[in-house]
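# Secondary and tertiary structure notes
So you can see what is in the structure, the chains are spelled out below.
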Amino acid sequence: QVQVVESGGGLVQAGGSLTLSCAASGRTFSTYAMGWFRQAPGKEREFVAAISRSGGRTSYTDSVKGRFTISRDNAKNTVYLQMNSLKPEDTAVYYCAATHSGYSTSYSYEYDYWGQGTQVTVSS
């Protein structure tokens, strides 16, 4: 069992930046690939970014490529999502998730553990 807790959300104006953090428990954190998803009101949960267990491979949804960067520090059991050039359409609750797969994946069903989410609001 892995406990996942997101933090770092908040209110930012368009064009600004935020960094989200995801702290995970467990002695085997380094064996999990990690992902970020988001869900806006009235919309389905959407894949944002993922990173392999070693951090060597990453993937992003097209709408955030070039603006968001996912990274991890296995010594700290923490995954980050650096968000730059934020747009109003980025407004959503952002969720961190862990998968036993070990490699980056965009499929939500492959993730075994989920955090409670952190709100990101981007104003015009």
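Each remark here, short or long, concerns the structure printed above.
Throughout what follows, the structure given in this document is the object of discussion. (Residues numbered from 1 in each chain as written. Predicted model: local features only at pLDDT ≥ 70, side-chain atom pairs only at ≥ 80, totals over all residues. Heavy atoms only, no water.)

What follows concerns the sheet that holds strand 7 (residues 68-73). Reading across from one edge, 1-3-8-7 is the order of the four strands in this open sheet, with antiparallel pairing throughout. Looking at strand neighbours, the two that pair on one side only are strand 1 (4-7) and strand 7, the edges of this open sheet. Each adjacent strand pair in this sheet contributes to an overall mean axis angle of 15°, direction not counted. The sheet contact formed by strand 3 (residues 18-24) and strand 8 (residues 78-83) spans six bridges and is antiparallel. When the sheet's bridge partners are listed, Thr19 is paired in strand 8 with Gln82. (Pairing = 2+ DSSP bridges. Helix = DSSP H or I, 4+ residues; strand = E, 2+ residues; numbered from the N terminus. Axes fitted to C-alpha atoms, helices over the stretch in contact; angles between N-to-C directions.)

Quick look at the state of the cysteines now. Scanning all chains against the criterion turns up one disulfide. A sulfur-sulfur distance of 2.0 Å marks the disulfide that ties Cys22 to Cys96. Judged by the torsion about the S-S bond (-85°), the Cys22/Cys96 disulfide is left-handed. Of this pair, Cys22 sits in strand 3 while Cys96 sits in strand 9 (residues 92-99), placing them 74 residues apart in sequence. (Disulfide = S-S within 2.5 Å.)

Another point: the nonpolar core. One finds Met34, Trp36, Leu81, Met83 and Tyr94 to be the most contacted residues of the largest nonpolar core, which totals 30 residues. Put simply, the parts of the chain that give this core at least two residues each are strand 3, strand 4 (33-39), strand 5 (46-51), strand 7, strand 8, strand 9 and strand 11 (118-123). Counting five residues, the second largest nonpolar core, distinct from the first, contains Phe37, Ala50, Ala97 and Tyr111. (Core = buried A, V, L, I, M, F, W, Y, C linked by side-chain atoms within 4.5 Å. Buried < 20%, exposed > 50% of the residue type's maximum accessible area, 1.4 Å probe, protein only.)

Summed over all chains, the structure comprises four salt bridges. In this structure, Arg38 engages Glu46 in a salt bridge whose closest nitrogen and oxygen atoms are separated by 2.9 Å. Assessed through its relative accessible area of 5%, Arg38 is described here as buried. Exposure remark for Glu46: the relative accessible area of 30% places this residue in the partly exposed category. Salt bridges sharing partners connect three or more residues here, namely Arg38, Glu46, Arg67 and Asp90. (Salt bridge = Lys/Arg side-chain N within 4 Å of Asp/Glu carboxyl O.)

Right, let's get into the packing of aromatic side chains. With the rule as written, the count across this model stands at six aromatic pairs. Residues Tyr32 and Tyr113 carry aromatic rings whose centres are separated by 6.1 Å and whose planes lie at 80° to one another, so their mutual orientation is edge-to-face. On the criterion of sequence distance, the pair formed by Tyr32 in the loop between strand 3 and strand 4 and Tyr113 in strand 10 (residues 113-114) is long-range, its members being 81 residues apart. Take Tyr32: its relative accessible area is 6%, and that puts it in the buried class. A relative accessible area of 13% means that Tyr113 is categorised as buried. Judged by centre distance (5.6 Å) and plane angle (35°), the ring pair of Tyr107 and Tyr109 falls under tilted. Residue class for Tyr109 comes out exposed when judged on its relative accessible area of 67%. Grouped by ring-pair contacts, the aromatic residues Phe37, Phe47, Tyr111 and Trp114 constitute a single cluster. Residue placement shows Arg45 over the ring face of Trp114; its charged tip is 4.2 Å from the ring centre. (Phe/Tyr/Trp six-rings, centres within 6.5 Å; stacked < 30°, edge-to-face > 60°. Lys NZ or Arg CZ within 6 Å of the ring centre and 35° of its normal.)

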